[in-house]
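Below, each chain spelled out in residue letters.
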Amino acid sequence: MYNFDEIIDRHNTNCIKIERCQELFGTRDILPLWVADMDFRTPDFVLDAIKQRLEHPILGYTLPSPDFATVTRQWIATHHDWNLRQEWLGFVPGIVPGLAFAIQTFTHAGDEVIVQPPVYYPFFNVVKNNGRTLVCNQLIENDGKYVMDFEDLEQKISDKTRLLILCNPHNPGGRVWNRDELQRLAQICEKHNILVVSDEIHADMVLPSSRDRHTVFADVSAWAEQNTITFMSPSKVFNMPGLISSCSIIANEQLRLQFQRFLEASEIQGGNIFAYLAAEAAYNHGETWRCEMLNYVQKNIDYVADFLKTNIPQIVPMLPQASFLLWLDCRKLGMESDELHRFFALKAHLGLNKGTIFGAGGEYHLRLNVACPQSVLQTAMQQLLSSVRSLNV
Ligand SMILES: Cc1ncc(COP(=O)(O)O)c(C=O)c1O
């Protein structure tokens with residue numbers, strides 16, 4: 001059994017979650033529960049692979065280990081029932097950079113790119129900062145979960161629309177999109193010839209409570225297979241995002257070559273010496289750790305959901321099917337978004353992501369990261385309860 005209760009001090013490691021608190025929350029006196037990395041120890045099989053490499057005294061230019069692609073392919077095939085071929089795989093130094101590279105490769109300035117807010121906020125940046133036009137197909141909340149608005153999507157598509165960025169599973173809502181929804185999306189994109197970039201970084205974190213399994217978007221139809229750029233990574237699920245080890249998966253040979261040419265022309269040379277080793281170790285040895293981590297995260301989600309229901313019913317969490325992020329609907333506290341954020345930071349001393357950064361639909365929301373020891377969440381809930389009580393709402 002792995003120990004997820006251990007409290008690990010992350011001070012003096014230049015950890016973003018701690019170091020940017022003053023700037024973002026106006027105080028350092030805060031429990032940081034925002035950036036989506038885990039406060040759990042990165043698993044020993046990953047740390048050991050790195051330590052073993054460090055036994056050799058030269059950290060020179062290094063090729064990917066010969067097994068990196070094989071192990072990655074096997075993991076994806078086994079976990080997601082996807083019969084992908086090894087040659088479809090490529091290394092990208094981070095998924096967000098991968099999204100930006102895809103936009104630069106497959107669209108031109110002024111082309112329209114669709115995203116589905118509320119959604120992981122760098123999606124907006126990679127579109128806007130590359131001079132493309134952002135089009136938002138807002139998700140609808142239905143029965144406590146997000147669903148896609150296909151009518152709105154069809155209306156928003158124009159002859160300038162080239163690409164759609166899909167968050168599969170979804171952050172911040174934690175939806176595991178099912179095959180029917182993804183097939184419908186694929187049909188619309190096929191009808192209008194829109195390339196799909198599917199960010200599947202949360203794919204390996206479907207929670208025990210979810211009735212749905214992860215569905216790879218590229219696997220929902222023959223068209224989708226040939227018209228999707230998929231990004232996956234062991235970084236989030238094995239808590240090693242600082243190593244930057246992600247991959248692109250492109251079945252369509254022409255698109256794959258186009259993407260490779262872009263990376264080569266930009267002299268993007270692949271990963272650092274530890275990225276491949278860590279990915280390989282994680283995929284080779286990580287299954288038990290992954291399952292135990294997800295069980296622990298599920299208990300944390302259940303704990304927070306029960307606590308809020310009993311003690312602070314004004315805050316309603318969206319129950320995620322995947323990942324360790326809880327999307328909190330705080331509209332019943334009766335505060336505007338900025339006030340809400342300030343209240344959490346300065347009264348409850350809790351650092352959560354402000355909902356509005358996730359775009360339309362994020363108003364009155366905050367995103368809570370529950371990938372931490374449960375004792376930390378207990379402290380957080382007590383702090384929240386006493387500050388809400390002082391409001392008399
Ligand atoms: C949907 C999504 N994509 C990408 C990332 C980050 O990917 P990377 O660190 O590989 O750029 C995150 C991190 O939270 C995420 O939630």
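Overview of the structure.

Conventions and cut-offs
- Residues numbered from 1 in each chain as written.
- Predicted model: local features only at pLDDT ≥ 70, side-chain atom pairs only at ≥ 80, totals over all residues.
- Heavy atoms only, no water.
- Pairing = 2+ DSSP bridges.
- Helix = DSSP H or I, 4+ residues; strand = E, 2+ residues; numbered from the N terminus.
- Axes fitted to C-alpha atoms, helices over the stretch in contact; angles between N-to-C directions.
- 1 Å grid on protein atoms, 1.4 Å probe; cavity = no way out; pocket = protein on both sides within 12 Å on 5 of 7 lines; lining within 4 Å.
- Points joined across faces, edges and corners; volume = space filled by probe spheres on them.
- Nonpolar A, V, L, I, M, F, W, Y, C, P; charged D, E, K, R; others polar.
- Salt bridge = Lys/Arg side-chain N within 4 Å of Asp/Glu carboxyl O.
- Buried < 20%, exposed > 50% of the residue type's maximum accessible area, 1.4 Å probe, protein only.
- Contact = heavy atoms within 4.5 Å.

On to the sheet that holds strand 8 (residues 195–199), then. One open sheet holds the seven strands; their spatial order is 2-10-9-8-7-3-4, and the pairing between them is mixed. Lying at the two open borders of the sheet, with one neighbouring strand each, are strand 2 (89–92) and strand 4 (133–136). Here the strands of the sheet are splayed against their neighbours by 25 degrees on average, with no regard to which way each runs. Pairing of strand 8 with strand 9 (residues 228–232) involves four bridges; the strand directions are parallel. Bridge pairing in strand 9 places V197 opposite I229.

This part is about empty space enclosed by the protein. Throughout the structure, instances matching the rule amount to one cavity of 30 Å³ or more. Of the voids in this model, the largest cavity is the one considered here, and its volume is about 40 Å³. For the largest cavity, the full set of lining residues is F68, T72, M232, S233, P234, S245, S246, C247, A279 and Y283. By residue class, the composition of the lining of the largest cavity is six nonpolar, four polar and no charged.

Applying the stated criterion across every chain, the model contains 17 salt bridges. K17 is the salt-bridge partner of D39, the closest N and O atoms lying 3.2 Å from each other. You can see D39 sitting in the loop between strand 1 (31–32) and helix 3 (44–54) and its partner K17 sitting in helix 1 (residues 16–19), a full 22 residues away along the chain. With a relative accessible area of 17%, D39 lands in the buried category.

We now examine the sheet that holds strand 11 (residues 316–318). What the four strands build is an open sheet, ordered 11-12-15-14; its pairing is antiparallel. Strand pairing shows two members of the sheet lacking a second neighbour, strand 11 and strand 14 (353–354), which therefore form its edges. As paired elements, strand 12 (residues 325–329) and strand 15 (residues 365–369) share five bridges and run antiparallel to each other. Paired with D329 across the strands is H365, a residue of strand 15. Relative to strand 15, helix 13 (residues 337–347) is tilted by about 35 degrees, and along the sheet it contacts strand 14 and strand 15.

Function cannot be inferred from these measures alone, as they are strictly geometric.
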